Amino acid sequence: MLAQERENRLELIDLQAGFIKNGQYYAAIDQISFQIKPGQVTCVVGESGSGKSVLALSIMNLLPQENGKRTKGEIWLNGQNLAELKDIEMNALRGKEIAMVFQEPMTALNPILTIGFQIEEAMLNHLSISKQEAHKRAVDLLKQVGITRAESMIHEYPHKLSGGMRQRVIIAMAIACEPKLLIADEPTTALDVSVQAQILELFKAIQRKHAMAILLITHDLGVVAEIADNVVVMYAGQIVEQGDVDVIFHDPKHPYLKLLLQLIPQLDQERERFEAIQGSIPALMNRPLQGCRFAERCPVVMEKCYIENPLLADSGANHYVRCLQYPDSDPANLRNG
Ligand SMILES: Nc1ncnc2c1ncn2[C@@H]1O[C@H](COP(=O)(O)OP(=O)(O)OP(=O)(O)O)[C@@H](O)[C@H]1O
């Protein structure tokens, strides 16, 4: 592996984070281990409540202070374990080495400051450049994210822009300091379908140009098919399957992933293919303490699934599965557990 590739990749090792409720700690995510190389997009997928946002917030050290807590694990980026950094050190890295794009673009922009001021401020805070230089780069960044009238837009306030334009501005701000890692949490969900496609194209262009590691959270497997190099499938706080995008779509193993794939709308399919998976992810306090967390909803459940804890096991070719249906998985290469 190239030295630069090793330095700039993100590597999570056995990450765990959760919340204190009624005086008791509940892990919202646990045993999370994977890595993203520079220039690659890893998509994290799963239904609502699977722990995707908690994962992103844990990496950023942005869990709610009143009840959220990262309790275990390592987060390696650029030769540093972010989990060991003090808050003040992490604040300095945020925006510079790691940037995040959220679902709702309006909340990430300050309504009383111009677009230009906000992009320039991000650069002036982290890079040693002059105000004029920051201004020039802000115009250039807006052009890079597909805003043609960048010179005039830079003087405008966020409320004048459409949702798609605001998300482009947020992305321009996020890449302003060329971060090593860009985390995007459902970046297209709040946008119209046609704008969603444009924003995904933009992520692909950024990936090609800047070769940063991109962690993209989505519940939409259509988005995954469009953009992912690797996929991490989460259920009730754990990774249940992970692998290269081709393997995930063409050789899915976990019953949960197989069901999710059946939900992708296909025009020539019958109505029932569109229906959601029966039941829902158990709430944090109701997760089973023993056995597979998906057992209650699994169409091929076995008796032992209620008793034994499945481990994330190597299924070959960078493909890992957490399911007792696959007893032949190589136990020597268990990732965790
Ligand atoms: N601030 C919080 N306090 C207590 N529990 C929380 C908090 N935030 C999230 N949780 C719980 O953690 C679990 C994972 O939530 P998370 O928001 O990460 O899911 P998600 O996969 O991102 O869902 P969505 O797609 O709806 O955003 C859920 O059970 C959720 O109720």
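We now turn to the structure provided with this report. Not measured: the values here are computed from a predicted model.

Rules behind the numbers
Residues numbered from 1 in each chain as written. Predicted model: local features only at pLDDT ≥ 70, side-chain atom pairs only at ≥ 80, totals over all residues. Heavy atoms only, no water. Near = heavy atom within 4 Å. Polar contact = N/O pair within 3.5 Å; in protein donor to acceptor, adjacent residues only side chain to side chain. Helix = DSSP H or I, 4+ residues; strand = E, 2+ residues; numbered from the N terminus. Nonpolar A, V, L, I, M, F, W, Y, C, P; charged D, E, K, R; others polar. Axes fitted to C-alpha atoms, helices over the stretch in contact; angles between N-to-C directions. Parallel < 35°, antiparallel > 145°, perpendicular 65-115°, else oblique. Left-handed = near helix turned anticlockwise from the far one by under 90°. Contact = heavy atoms within 4.5 Å. Patch = residues over 30% accessible without salt bridge, like charges linked within 9 Å, V, L, I, M, F, W, Y side chains within 5 Å. Areas by Shrake-Rupley, 256 points an atom, 1.4 Å probe, with all protein chains shown as cover. Salt bridge = Lys/Arg side-chain N within 4 Å of Asp/Glu carboxyl O. Pairing = 2+ DSSP bridges. Buried < 20%, exposed > 50% of the residue type's maximum accessible area, 1.4 Å probe, protein only. Right-handed = clockwise from strand over helix to strand, strands pointing away. Phe/Tyr/Trp six-rings, centres within 6.5 Å; stacked < 30°, edge-to-face > 60°.

### Comments concerning the site of the ligand
Thought 1: Around the ligand, the surrounding shell holds 14 residues, and the nearest of these are Ser48, Gly49, Lys52, Ser53 and Val54.
Thought 2: Measuring from an oxygen atom of the ligand, one finds a side-chain N or O atom of serine 48 at 2.5 Å.
Thought 3: Separating an oxygen atom of the ligand from a side-chain N or O atom of lysine 52 is a distance of 2.9 Å.
Thought 4: When contributions to the shell around the ligand are tallied by element, the ones reaching two or more residues are strand 1 (10-21) and helix 2 (52-60).
Thought 5: For the shell around the ligand, the element with the highest residue contribution is helix 2, accounting for three residues.
Thought 6: In the shell around the ligand, the residues fall into five nonpolar, six polar and three charged.

### Thoughts on the packing of helix 5 (residues 115-126) against helix 8 (residues 163-175)
Thought 1: Relative to each other, helix 5 and helix 8 sit at 20°, their axes nearing to 8 Å. Here helix 8 runs roughly parallel to helix 5, going by the angle between their axes. Remark: the crossing between helix 5 and helix 8 carries right-handed chirality. Together, Ile115, Gln118 and Ile119 of helix 5 and Val169, Ala172 and Met173 of helix 8 make up the contact between the two elements.
Thought 2: Looking at side-chain class alone, the contact of helix 5 with helix 8 contains five nonpolar, one polar and no charged residues.

### Some details on a nonpolar patch on the surface
Thought 1: Taken together, Val301, Tyr306 and Ile307 make up a surface patch of nonpolar side chains, about 260 Å² in accessible area.
Thought 2: Along the polypeptide, tyrosine 306 turns up in the loop between helix 12 (255-262) and strand 11 (313-314).

### Regarding the sheet that holds strand 11
Thought 1: Strand order in the open sheet formed by eight strands is 6-7-8-3-9-10-12-11, with mixed pairing between adjacent strands. Looking along the sheet, the strands with just one partner apiece sit at the ends: strand 6 (98-101) and strand 11.
Thought 2: Here strand 3 (residues 41-45) pairs with strand 8 (residues 213-218) via five bridges, running parallel. Bridge pairing links threonine 42 to leucine 215 in strand 8.

### Concerning the environment of alanine 99
Thought 1: Looking at the secondary structure, you find alanine 99 in strand 6.
Thought 2: By relative accessible area, which is 4% here, alanine 99 ends up buried.
Thought 3: Ignoring any residue separated from it by four or fewer positions in sequence, one finds alanine 99 in contact with Met60, Ala174, Pro179, Leu181, Leu182 and Ile183.

### Some thoughts on the pairing of strand 7 (residues 181-185)
Thought 1: Across the five residues of strand 7, five count as buried, placing the element largely inside the fold.
Thought 2: The two faces of strand 7 match: Leu181, Ile183 and Asp185 on one face and Leu182 and Ala184 on the other face are all buried.
Thought 3: Pairing of strand 6 with strand 7, which is carried by four bridges, proceeds in the parallel orientation. Paired with isoleucine 98 across the strands is leucine 181, a residue of strand 7.
Thought 4: Strand direction decides the pairing type here: strand 7 and strand 8, joined by five bridges, are parallel. Paired with alanine 184 across the two strands is leucine 216, which belongs to strand 8.
Thought 5: As a crossover connection, the stretch from strand 7 through helix 9 (residues 193-210) into strand 8 is right-handed.

### Side note on the side chain of glutamate 156
Thought 1: Among the secondary structure elements, glutamate 156 is positioned in the loop between helix 7 (150-153) and helix 8.
Thought 2: For glutamate 156, a relative accessible area of 17% corresponds to the buried category.

### Digging into the packing of aromatic side chains
Thought 1: Tallying each qualifying case throughout the model produces three aromatic pairs.
Thought 2: Taken together, a centroid distance of 5.0 Å and an interplanar angle of 80° make the contact between tyrosine 235 and phenylalanine 294 edge-to-face. With a gap of 59 residues between them, tyrosine 235 in strand 9 (residues 230-235) and phenylalanine 294 in the loop between helix 12 and strand 11 connect regions that are remote in the sequence.
Thought 3: Relative accessible area serves as the criterion here: at 1%, tyrosine 235 is assigned to the buried category.
Thought 4: For phenylalanine 294, a relative accessible area of 1% corresponds to the buried category.
Thought 5: The structure contains a cluster of three or more aromatic residues connected by ring pairs, namely Tyr235, Tyr256 and Phe294.

### A few points about unusual backbone geometry
Thought 1: For asparagine 78, which is not a glycine, the phi torsion comes out positive at approximately 55°.
Thought 2: By secondary structure assignment, the location of asparagine 78 is in the loop between strand 4 (68-77) and strand 5 (80-81).
Thought 3: Despite not being glycine, alanine 211 has its phi angle at roughly 50°, a positive value.
Thought 4: Within the secondary structure, alanine 211 is located in the loop between helix 9 and strand 8.
Thought 5: A relative accessible area of 41% means that alanine 211 is categorised as partly exposed.

### Section: the pattern of salt bridges
Thought 1: Under the criterion given, the structure shown has twelve salt bridges.
Thought 2: A salt bridge links arginine 293 to aspartate 30; the shortest N-O distance between them is 3.0 Å. Of the two residues, arginine 293 is situated in the loop between helix 12 and strand 11 and aspartate 30 in strand 2 (residues 24-36); the sequence distance between them amounts to 263 residues.
Thought 3: For aspartate 30, a relative accessible area of 8% corresponds to the buried category.
Thought 4: The partner of lysine 96 in a salt bridge is glutamate 97, with the nearest N and O atoms 3.8 Å apart.
Thought 5: When its relative accessible area of 10% is taken as the criterion, glutamate 97 is described as buried.

Keep in mind these values describe shape, not function.
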